[in-house]
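Structure assessment
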Amino acid sequence: MKDVFRANTMYFPYIQAIATALIIYMLFAAPAAEWWLISFGMYFLTGCLGITITFHRHLTHGSFKFRYKWMEYLFTFFGAIGGTGSSIGWVAVHNEHHKNSDADGDPHSPHNGLWNVLIPKYDFEMNKWAVRRLITNKFHLALHNYYYLILLVWLTVLYTIGGINVLVFVGIIPMGIQIWTSVLSNYGNHMWGYRNYETKEDSRNTWWLAAITWGEGWHNNHHAKPGRWNFQHKWWELDPSAWVIKLVKA
Ligand SMILES: [Zn+2]
Ligand SMILES: [Zn+2]
């Protein structure tokens, strides 16, 4: 049964289409500003605590340790409900990205064509060695194997407790924001902006991408020093995720 729910990119275009349509519809329907603030707050949980801090800087690069183990699990759950895949899938894909940056095996290089960035078709199980620690962890493995079931339960719970507005603004719109900021990151981080370091791939720093992705836009800094949890290498390269990491690291 778990094959049906396992994290993969097959359903990504549908989630992307529904979430995008809802964002556009709600922009015209103009609900109370508080709802958008709630979506933004959720995007902090999914994007900053979940994907940037936990999937990326902690689980993929091991650049810091959490003060408490439960933080890894809670924040991993936040990352998962962002709708861009499981921790195992994310780490596998991102490892390939660092290994083959802007070359043939890069899962989302803009230099390999716009479409593979816009509508990702990653194989989440492309790199078992990179995720060996997560595969042997019951929590991460269950999250990967039952990914779509967990998303369905999450959305059902939201609808049950709060109705359609909660489903849309707490559940689906934050996914839309997460998906589009990820697309923009994957594209722009290797296409737009300046370089502090002459790294072998075409990574770049872009201030406005950093602003909308909790600091991930200082991407050339990151490729140059992937083991660093702080992406700020110049005083004005503000990295909000690093501020949060200071609070949660051991
Ligand atoms: Zn990169
Ligand atoms: Zn990285």
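Residues numbered from 1 in each chain as written. Chains lettered and ligands numbered in written order. Predicted model: local features only at pLDDT ≥ 70, side-chain atom pairs only at ≥ 80, totals over all residues.

**Notes on the overall build of the chain**
Looking only at helices and strands, the chain has 12 helices and zero strands in total. Counting helices and strands in the order they occur from the N terminus, the chain gives α-α-α-α-α-α-α-α-α-α-α-α. Computed over the C-alpha atoms, the radius of gyration of the chain is 17 Å, within 12% of the 18 Å expected from 2.2 N^0.38 for a compact globule of 250 residues. In terms of overall dimensions, the chain has C-alpha extents of about 50 × 40 × 40 Å along its principal axes. Residues classed as buried in the chain amount to 40% of the 250 residues present. (Helix = DSSP H or I, 4+ residues; strand = E, 2+ residues; numbered from the N terminus. Rg over C-alpha atoms; globule rule 2.2 N^0.38 Å. Buried ≥ 20, exposed ≤ 12 C-beta atoms within 10 Å, placed from the backbone.)

**Side note on the nonpolar core**
Core analysis: the biggest nonpolar cluster contains 30 residues, and I88, V91, A92 and F124 have the highest contact counts within it. Contributing elements (two or more residues each) for this core: α3 (33-60), α4 (69-80), α5 (87-99), α9 (147-188), α10 (207-212) and α12 (240-248). Looking at this core, the element that brings in the most residues is α3, giving six residues. Excluding residues that lie within four positions of it along the chain, I88 makes contacts with F124, V131, L134, I135, H140 and H144. (Core = buried A, V, L, I, M, F, W, Y, C linked by C-beta atoms within 7 Å. Contact = placed C-beta atoms within 7 Å.)

**Quick notes on the environment of T84**
Relative to the helices and strands, T84 is located in the loop between α4 and α5. Beyond its immediate stretch of four places on either side in the chain, T84 contacts I51, Q178, I179 and S182.

**A closer look at helix α8 (residues 138-145)**
Every α-helix carries 3.6 residues per turn, so stepping three or four residues along brings you back to the same face. Within the span of α8, buried status applies to H140, L143 and H144. Taken end-on, α8 shows its buried residues confined to a sector of 100 degrees, consistent with a single buried face. In this fold, the buried residues of α8 make contact with α4, α5, α7 (132-135) and α9. (Arc of directions from axis to C-beta.)

**Side note on the packing of α3 against α9**
Where α3 meets α9, the axes come as close as 8 Å, and the angle between the chain directions of the two elements is 55 degrees. Considered as vectors, α3 and α9 are oriented oblique to each other. Crossing of α3 over α9 shows right-handed handedness. Two secondary-structure elements touch here, α3 through W35, I38, S39, M42, Y43, T46 and G47 and α9 through N165, F169, V170, I173, P174, I177, Q178 and T181. (Axes fitted to C-alpha atoms, helices over the stretch in contact; angles between N-to-C directions. Parallel < 35°, antiparallel > 145°, perpendicular 65-115°, else oblique. Left-handed = near helix turned anticlockwise from the far one by under 90°.)

**Things to note about the environment of H58**
With respect to the helices and strands, the residue H58 is situated in helix α3. For the pair H58 and V91, spaced 33 residues apart in the sequence, the C-alpha separation amounts to 10.0 Å. Not counting chain neighbours up to four residues away, the residues in contact with H58 comprise I53, S63, F64, F66 and E72.

**Focus on the environment of Y187**
Counting through the fold element by element, Y187 comes out in helix α9. Given 17 C-beta atoms within 10 Å, Y187 falls into the partly exposed group. Sequence spacing of Y187 and K65 is 122 residues, and the spatial spacing of their C-alpha atoms is 29 Å. In contact with Y187, other than residues within four places in its own chain, are P110 and V117.

**Some details on unusual backbone geometry**
The bulk of non-glycine residues show a negative phi, and the bulk of peptide bonds are trans. In this structure, D102 is a non-glycine residue whose phi angle is positive, near 60 degrees. Tracing the chain through its elements places D102 in the loop between α5 and α6 (115-118). Residue D102 is classed as partly exposed on the basis of its 17 C-beta neighbours within 10 Å. Positive phi values are uncommon outside glycine, yet W214 reaches one of about 60 degrees. Within the secondary structure, W214 is located in the loop between α10 and α11 (219-224). Judged by the 24 C-beta atoms lying within 10 Å of it, W214 is buried.

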